[in-house]
Amino acid sequence: MLEEKIKKIFNKNKNDVKDNFFEGARNEKDKIAPAYINMQNPKYLEIDNLYYSGLIVVDYYREQTDIILKSLIETNINMNISIFYEKQDSFKAIKDLTYHIGNVGVELKESNQNREDIDIAAFTYNDAKYIRKEIQVNNEDIYFLYIYISIYADSIKELEYYLNKIEGITQSKGMQTRRANFRQEELFLCCLPIMENNKSIKESAKRNILTSGLLATYPFISSTIFDQNGIFIGTNIYNNSLVFIDRYDNQKYKNANICIFGTSGAGKSFYTKLLILRYKLLGIKQYIIDPEREYNNLCNTLKGIEIKIGPNSNTYINVLEIRKESLEEGESGYLATKIGKLIGFFNLIFGELNEEEKALIEDKLIETYKRKDINFDDKTLYIEIIKNNKVKKYFKEPKDMPILEDLYNVLGEDEKTKKFQIKLIPFVKGSMKFFNNVSNVKLNNELIVADIYDLGEENLKYGMYLFTEIFWDKIKENRNEKKAIYLDEIWRLIGVTSNKEVASFIYKIFKTIRKYGGSGVAITQDISDIFSLDNGTYGKSILNNSSIKTFFALEEENIKILSEYSNLSEKEKVEIKSLKRGECLMFVGDDHILTKIECSDLEQKILEGECTDEQNNFSNKQ
């Protein structure tokens, strides 16, 4: 006996020690538990300086053809919605329905037609027959449906405003609600992710529903985009969710191409600069064709390279230069590839060339390169130099390439091509003789901006095509690197002022750039112009080959044109017309969302050219 008593005393002391040890410990519940809960008022709960109140959905329209929760989810009101489905025994349901149908059927036959509730009885009789038929014939299941809405706000006044607004929205969608007064705690618990449907309120919310009717309660209808490795774009206008897009995600998007359309002042240029800034921080190579001189300040801030060509510039790009990166390793045909691109360029200068004229121009180009000891054998583009008794091959330097004047002289030697020689005079001896020089720029930066503003309105297309070709070579240089080419005012290259050769080249870029790890960005405010060449074939092709489409505010005429080439709904047409500055409609894959472009104060100062010396080191610090 004594031994047992000692053991009891020992075990008791041992348990006391254990209890004392854990007395001051904190567990997971303590970490998530609120500091205080005030439940004194029957109309709301007060939890950690927030006020909560709930609504119970008690009834619905007899027939629903719309998603009833869509209007609620798309509001920016702080709320939690909890939906419970309880599947019922179909056999028991049929048995109960049959019993009910029999009883009500007899009452309808024997009762006085002047009874006040005769219509209600008839409705329940027909509904019961319909439900039984759907279960027996169409194999539908029957459920009990419960919907609870918990709303929270910073003040009682704000909470009351939200409650009234939600009650109005639910009423417009055919839902009757009841405030959960004296049952706020139970409803709050129902809306927590703990799968608790409290018995004290479920009888008020219970409503039977068939499988087909459950579709009307589908909650996942608000478009949100949150790519794991994406960059921040802005907020969803409907529900304030954050929009993160990773356009280089090959698993989610067919390509990384973007179309950015909008009227002047709608915010498309600011958005483009924001993309450039954020992708620069990720080390992605970006090449921008800038016909309006909009990206100079950004380029300087981010320590990029700015290349200007024009009458007052001392930087030159040789149109006829063959660059080593124009072909990938293992490919062949430098001269053939270059001549194909040059035919497009000379189409801009000489006008639309027929097949005979193309053949003549190609023949003269071959002769021009021949005089510089370059032919279709790729070996002629390399120079052999002996160093340390070893023979090394080097790609020919820019000074070893022909220039426009060489072609000009060859064209003048043949009567058939003298008319083309005359059209080259401005480029060799006239106002645009800066095209007639050996290249003297190096493209060895992650950010390169081609400033062609000084070319003037009529000649911008020549500079745009020239830099597009150069940047396309850079895009193909390394398939494993992410890079992007931005074509501002792209209508100049695929619109009616261009030609099919050039437009086909741009279309090829957007169609094939994905396999080189690249992204093409088409920017324009002239919607009608990009669809003006060849009945809009090239504009439509570029639009269809862009997984991300961004539409800022547009005029009604442009919206009509755009709707012919994209799947805009009637609602979206109205939305585009009424967008404010900095707001856009985004087509991202299959998702269509209204987005407000957001940026930090520092980013805004950088993009607007208001940088201080400290902010100028922004890119270096990153």
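It should be noted that the structure appears before, not after, this text.
Because the structure is predicted, anything quoted here is derived from the model rather than measured. For every chain, the first residue of the written sequence is number 1, and numbering continues from 1 along that sequence. With the structure being a predicted model, the display of local features is reserved for residues of pLDDT at least 70 and the display and counting of side-chain atom pairs for 80 or more, all residues being used for whole-chain, interface and lining totals. To obtain the side-chain values, all non-hydrogen atoms of the structure were used and water was disregarded.

Topic: the overall build of the chain
Counting from the N terminus, the helices are DSSP H or I runs at least four residues long and the strands are E runs at least two residues long. Within the chain, the secondary structure is distributed over 25 helices and 20 strands. Computed over C-alpha atoms, the radius of gyration of the chain comes to 36 Å, more than 25% over the 25 Å expected from 2.2 N^0.38 for 622 residues, which places it beyond the range of a compact globule. Here the C-alpha coordinates of the chain stretch approximately 115 × 85 × 45 Å along the principal axes. Residues classed as buried in the chain amount to 47% of the 622 residues present. The criterion used for residue contact is that any of the two residues' heavy atoms lie within 4.5 Å. Of all intrachain contacts in the chain linking residues separated by at least 6 positions in sequence, the fraction that spans at least 24 positions is 72%. Surface accessibility follows the Shrake-Rupley procedure with a 1.4 Å probe radius. Residue values consider only the protein chains on display as shielding. Working note: accessible area of the chain is about 33100 Å², and carbon and sulfur atoms make up 48% of it. Residues scored as positive are Lys and Arg, those scored as negative are Asp and Glu, and His as well as the terminal groups of each chain are ignored. Positions of charges follow a simple convention, taking NZ of Lys, CZ of Arg, CG of Asp or CD of Glu. Computed over 87 positive and 95 negative side-chain charges, the separation of the two mean positions in the chain equals 4 Å. As defined in this context, the radius of gyration uses C-alpha atoms, and a globule is described by 2.2 Å times the residue total to the power 0.38. Burial classification: accessible surface area is computed with a 1.4 Å probe over protein chains only, and a residue below 20% of its type maximum counts as buried, one above 50% as exposed, and the rest as partly exposed.

As for the pattern of salt bridges
For salt bridges, the criterion is a side-chain nitrogen of Lys or Arg within 4 Å of an Asp or Glu carboxyl oxygen. Under the definition given, this model contains 31 salt bridges. What emerges from the salt-bridge pattern is a single network uniting Arg-323, Lys-338, Lys-341, Glu-469 and Asp-473.

Focus on helix α18 (residues 500-512)
Under the 1.5 Å per step criterion, the end-to-end length of α18 is 18 Å for 13 residues, consistent within 8% with the ideal 18 Å. Those residues of α18 that sit buried are Val-502, Ala-503, Phe-505, Ile-506, Ile-509 and Phe-510. Take α18 and look down its axis: the buried residues cluster within an arc of 155°, on one side only. Multiplying one less than the number of residues by 1.5 Å gives the expected span of a helix. It is the directions from the helix axis to the C-beta atoms that the arc portrays.

Some details on a nonpolar patch on the surface
Residues Ile-383, Ile-385 and Tyr-394 make up a contiguous nonpolar surface patch of roughly 220 Å² in combined accessible area. Locating Ile-383 in the fold gives a position in strand β13 (residues 382-387). Patches were defined on residues exceeding 30% relative accessible area and lacking a salt bridge, with like-charge contacts within 9 Å and nonpolar side-chain contacts (Val, Leu, Ile, Met, Phe, Trp, Tyr) within 5 Å.

What to know about the nonpolar core
Definition used in this section: a nonpolar core is a set of buried Ala, Val, Leu, Ile, Met, Phe, Trp, Tyr and Cys residues joined via side-chain atoms within 4.5 Å. By size, the foremost hydrophobic cluster in this structure holds 128 residues, and its most contacted members are Phe-346, Leu-424, Phe-435, Phe-467 and Ile-506. Within the second largest apolar cluster, 25 residues are counted, among which are Leu-72, Leu-159, Met-175 and Leu-214.

Some points on the environment of Lys-474
Within the secondary structure, Lys-474 is located in helix α16 (residues 460-475). A sequence separation of 31 residues divides Lys-474 from Leu-443, and the C-alpha atoms of the two residues are 8.5 Å apart. Here Leu-443 takes part through its backbone oxygen, which lies 2.8 Å from a polar atom of the side chain of Lys-474. Any N or O atom pair separated by 3.5 Å or less is treated as a polar contact, with the protein-specific requirement of one donor-capable and one acceptor-capable atom, and with residues adjacent in sequence counted only for side-chain atom pairs.

Notes on the packing of helix α4 (residues 90-110) against helix α5 (residues 118-137)
Where α4 meets α5, the closest approach of the two axes is 9 Å, and the angle between their N-to-C directions is 150°. In this structure, α4 crosses over α5, and the sense of that crossing is left-handed. Judged by residue contacts, Ser-90, Ala-93, Ile-94, Leu-97, Thr-98, His-100, Ile-101, Val-104, Gly-105 and Leu-108 of α4 engage Ile-118, Ala-121, Ala-122, Thr-124, Tyr-125, Ala-128, Lys-129, Ile-131, Arg-132, Ile-135 and Gln-136 from α5. A class-by-class count of the residues in the contact of α4 with α5 yields 13 nonpolar, six polar and two charged. Geometry is summarised by axes, namely lines fitted to C-alpha atoms with helices restricted to the contacting stretch, and by angles between N-to-C directions that run from 0 to 180 degrees. By definition, any crossing whose near helix is turned counterclockwise from its far helix by less than a right angle is left-handed, and any crossing with a clockwise turn is right-handed. Lys, Arg, Asp and Glu make up the charged group, whereas Ala, Val, Leu, Ile, Met, Phe, Trp, Tyr, Cys and Pro make up the nonpolar group; the residues left over, Gly among them, are polar.

Looking at the side chain of Ser-150
Tracing the sequence through the fold places Ser-150 in strand β5 (residues 142-153). Beyond its immediate stretch of four places on either side in the chain, Ser-150 contacts Tyr-52, Ser-53, Gly-54, Asn-78, Met-79, Asn-80, Leu-187, Phe-188 and Cys-191.

Looking at helix α22 (residues 570-577)
Burial in α22 covers these residues: Glu-572, Glu-575 and Ile-576. For α22, the buried positions fall inside an angular range of 100° around the axis, keeping them on one side. Those residues of α22 that are exposed and aimed more than 90 degrees away from the buried face are Glu-570 and Val-574.

Notes on the side chain of Glu-603
With respect to the helices and strands, Glu-603 occurs in helix α23 (residues 601-607). Once you skip the residues sitting within four places of it in the chain, Glu-603 turns out to touch Leu-274, Leu-277 and Arg-278.

Focus on the sheet that holds strand β19 (residues 583-588)
Two strands qualify as a pair provided that DSSP identifies no fewer than 2 bridges between them. If you trace the 11 strands from one edge of the open sheet to the other, you get β9-β8-β20-β19-β18-β10-β17-β16-β11-β15-β12, paired in mixed fashion. Each edge of the open sheet is held by one strand with a lone partner, namely β9 (242-245) and β12 (305-308). Put simply, the sheet's adjacent strands are angled 25° from each other on average, direction ignored. Note: strand β10 (residues 258-261) against strand β18 (residues 548-551), four bridges, orientation parallel. Counted as the bridge partner of Cys-259 is Lys-549 from β18. Against the sheet, α18 touches β10, β16 (483-488) and β17 (518-524), its axis set at about 130° to β17.

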